[in-house]
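Next come the chains, spelled out residue by residue.
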Amino acid sequence: MTDPIAAPRPEGLKRALKPRHLNMIAIGGSIGTGLFVASGATVATAGPGGALLAYLLIGVMVYFLMTSLGEMAAYLPVSGSFATYGSRFVEDGFGFALGWNYWYNWAITIASELVAAQLIMSFWLPDVPGYLWSAGFLAIIFLLNVFSVRGFGESEFWFALIKVAAVLVFIGIGLATLFGIMSGIESPGLSVFTQGEAPFVGGLQAMVGVMMIAGYSFQGTELIGIAAGESENPKKNIPVAIRQVFWRILMFYILAILVIGMLIPYTDPSLLKNDASDISVSPFTLLFERAGLAAAAGVMNAVILTAVLSAGNSGMYASTRMLYNLARDGKAPRIFARLARSGVPRNALYATTLVGALCFLTSAFSNQVVYTWLLNTSGMCGFIAWLGIAVSHYRFRKGYLAQGRRLEDLPYRAKLFPLGPLFAFALCLFISLGQNYEAFIGERIDWLGLTATYVSLPLFLLIWLGYRLKHGSRLVRYQEMDVRGTDD
């Protein structure tokens, strides 16, 4: 069995990410097309009240996951956090499966963002072949990651700043409209929020569907755990980022959903669409146009392009660092553990870039069926990573106390333990299992849809159990658990 502690420490990684980078990495990872485009569909599906409640519930779940991750990342900041925590605090095969699951998730995400970039650029230049845009953006993302971690941090800071500015302007205009400050626009008061069947529409089934969308929207906040391995003074900066980032993200989402629900009727035909290639259906575009901003569609297209580049950039960084960490711990070929003088694991970067490009080529030169299927199978991977965080933290805290250590010595302590990780695990599992509940509704079960949605779960279990059988790994006992931090 591979001992992750016996492996060489990642001394070549450069701790160059500053607090502002950490804040924006987490914010940038979770503000994307899910907010800019799909948020309108959530209001149309469950009504403004149902959408708000669903996002609040998912927000509480993500809060507990972030605090769980923060406790472990501040105490043991490593670039392959989920795989390392899973191996040390749960079982070696569990960490192995978590690491490969997360690498696959982000590698496929890179490809999906490259395809999305084609659709967005066709807004301005419809006659240019889409694969040229994908190739160009892949080159940009590669260059932002190949020289130093600072290149990734700086680019993600500015990408995220553009998205945050767009959300703040949207919320500002929306609130000004609600309070009757906007000239020429009469405030609707509560009439839109309560019209028809609103504020709650579609009952529990609709809310569950919105919770799925909200869960996807918040994915990316866990990137701060990956970045902890290259953060300046992680014991100080990780807790600060955890405290600040989540509430900012939650504020953005809750206020944005509130503004949409208060100003745009849930029956508006545009909200019923969920097409990232049609920027005109974005509730952001609708509100900007009604406020008299004629160039709203073009501006939002640029913002959404920024969101796509940000997601691809984050995916390249996260998957590269995870592959590097797996190799360093003997769970991937050692060639991927080599570092350039700049501290960048370039071999892992090359491999990740190649995988992203191959998936992109599959979608560009075929009927896209294979690519779409691969993308659907990756949808569950983010939730598996979240489940792994909750399990790892629960066992870490139990093992830490079982060995006589003091909570006061932790750089950051998650609140409401064990309620927090248990609640997060239960709700996350519920969302994971309910992702494609529609396939069970109707006269015939959609077996193809079920396979595409849920295949990641049995695949994860197969990888885990296969590793366990081959290496004879077992569940780590609390008394035998390695709970040493970086200072031990």
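Rules used throughout
- Residues numbered from 1 in each chain as written.
- Predicted model: local features only at pLDDT ≥ 70, side-chain atom pairs only at ≥ 80, totals over all residues.
- Heavy atoms only, no water.
- Helix = DSSP H or I, 4+ residues; strand = E, 2+ residues; numbered from the N terminus.
- Buried < 20%, exposed > 50% of the residue type's maximum accessible area, 1.4 Å probe, protein only.
- Contact = heavy atoms within 4.5 Å.
- Areas by Shrake-Rupley, 256 points an atom, 1.4 Å probe, with all protein chains shown as cover.
- Patch = residues over 30% accessible without salt bridge, like charges linked within 9 Å, V, L, I, M, F, W, Y side chains within 5 Å.
- Salt bridge = Lys/Arg side-chain N within 4 Å of Asp/Glu carboxyl O.
- Expected span 1.5 Å × (residues − 1).
- Arc of directions from axis to C-beta.
- Phe/Tyr/Trp six-rings, centres within 6.5 Å; stacked < 30°, edge-to-face > 60°.
- Disulfide = S-S within 2.5 Å.
- Axes fitted to C-alpha atoms, helices over the stretch in contact; angles between N-to-C directions.
- Parallel < 35°, antiparallel > 145°, perpendicular 65-115°, else oblique.
- Left-handed = near helix turned anticlockwise from the far one by under 90°.
- Nonpolar A, V, L, I, M, F, W, Y, C, P; charged D, E, K, R; others polar.

**Student:** Mind showing me how you'd approach the overall build of the chain here?
**Tutor:** Per the secondary structure count, the chain includes 18 helices and zero strands. Along the first, second and third principal axes, the C-alpha set of the chain runs to 65 × 50 × 50 Å. The burial tally for the chain puts 58% of its 488 residues in the buried class. Sequence-distant contacts, at least 24 apart, represent 82% of the contacts inside the chain between residues at least 6 apart. Put simply, the chain shows about 19300 Å² of open surface, and 65% of that area lies on carbon and sulfur atoms.

**Student:** Help me understand a nonpolar patch on the surface, please; the structure alone is not making it clear to me.
**Tutor:** There is a patch of nonpolar side chains on the surface, built from Phe-123, Trp-124, Leu-125, Val-128, Tyr-131 and Leu-132 and spanning about 540 Å² of accessible area. The residue Leu-125 is located in the loop between helix H5 (92-121) and helix H6 (130-146) in this model.

**Student:** Is there a simple way to explain H6 in this structure?
**Tutor:** Every α-helix winds through 3.6 residues per turn, so residues three or four apart in the chain are directed the same way. With 17 residues, H6 extends 25 Å from end C-alpha to end C-alpha; this agrees with the ideal 24 Å at 1.5 Å per step. Buried residues of H6: Ser-134, Phe-137, Leu-138, Ile-141, Asn-145 and Val-146, and no others. Seen from one end, H6 has its buried residues packed into an arc of 165 degrees, which puts them on one side.

**Student:** Looking at this structure, how should I read the packing of aromatic side chains?
**Tutor:** Under the definition given, this model contains 28 aromatic pairs. Geometrically, the ring pair formed by Tyr-102 and Trp-106 is edge-to-face, given 6.3 Å between the ring centres and 70 degrees between the ring planes. Placement of both Tyr-102 and Trp-106 in helix H5 is noted, with a separation of four residues, approximately one turn of the helix. Residue classification places Tyr-102 among the buried positions, given a relative accessible area of 0%. Ring centres 5.2 Å apart and planes at 90 degrees place the aromatic pair Phe-157 and Trp-158 in the edge-to-face group.

**Student:** Mind showing me how you'd approach the state of the cysteines here?
**Tutor:** Note: disulfide means a covalent bond formed between the sulfur atoms of two cysteine side chains. Enumeration according to the criterion identifies zero disulfides in this entry. Free of any disulfide, Cys-428 has its nearest neighbouring cysteine sulfur in Cys-381, separated by 12 Å. Relative accessible area serves as the criterion here: at 1%, Cys-428 is assigned to the buried category.

**Student:** Whenever I open this one, the packing of helix H7 (residues 149-178) against helix H10 (residues 234-263) confuses me. Can you help?
**Tutor:** Packed helix pairs are specified by the crossing angle of their axes together with the interaxial distance, meaning the distance between the axes. Interaxial distance between H7 and H10 falls to 10 Å at its minimum, and their mutual angle equals 40 degrees. Taken as axis vectors, H7 and H10 run oblique relative to one another. Every pair of crossing elements has a handedness; the one defined by H7 and H10 is left-handed. Each of Val-164, Val-167, Leu-168, Phe-170, Ile-171, Gly-174, Leu-175, Thr-177 and Leu-178 in H7 lies in contact with H10, whose residues at this interface are Phe-252, Leu-255, Ala-256, Val-259, Ile-260, Met-262 and Leu-263.

**Student:** Would you take a moment to explain the packing of helix H4 (residues 81-89) against helix H15 (residues 381-402) for this structure?
**Tutor:** Their axes nearest at 9 Å, the elements H4 and H15 cross at an angle of 45 degrees. Taken together, the axis directions place H4 and H15 in an arrangement best described as oblique. Considering the relative orientation of H4 and H15, their crossing is left-handed. Packed against H4, whose contacting residues are Phe-82, Tyr-85, Gly-86 and Phe-89, the element H15 presents Ile-389, Ser-392, Arg-395 and Phe-396 at the interface. In terms of residue class, the contact of H4 with H15 is built from five nonpolar, two polar and one charged.

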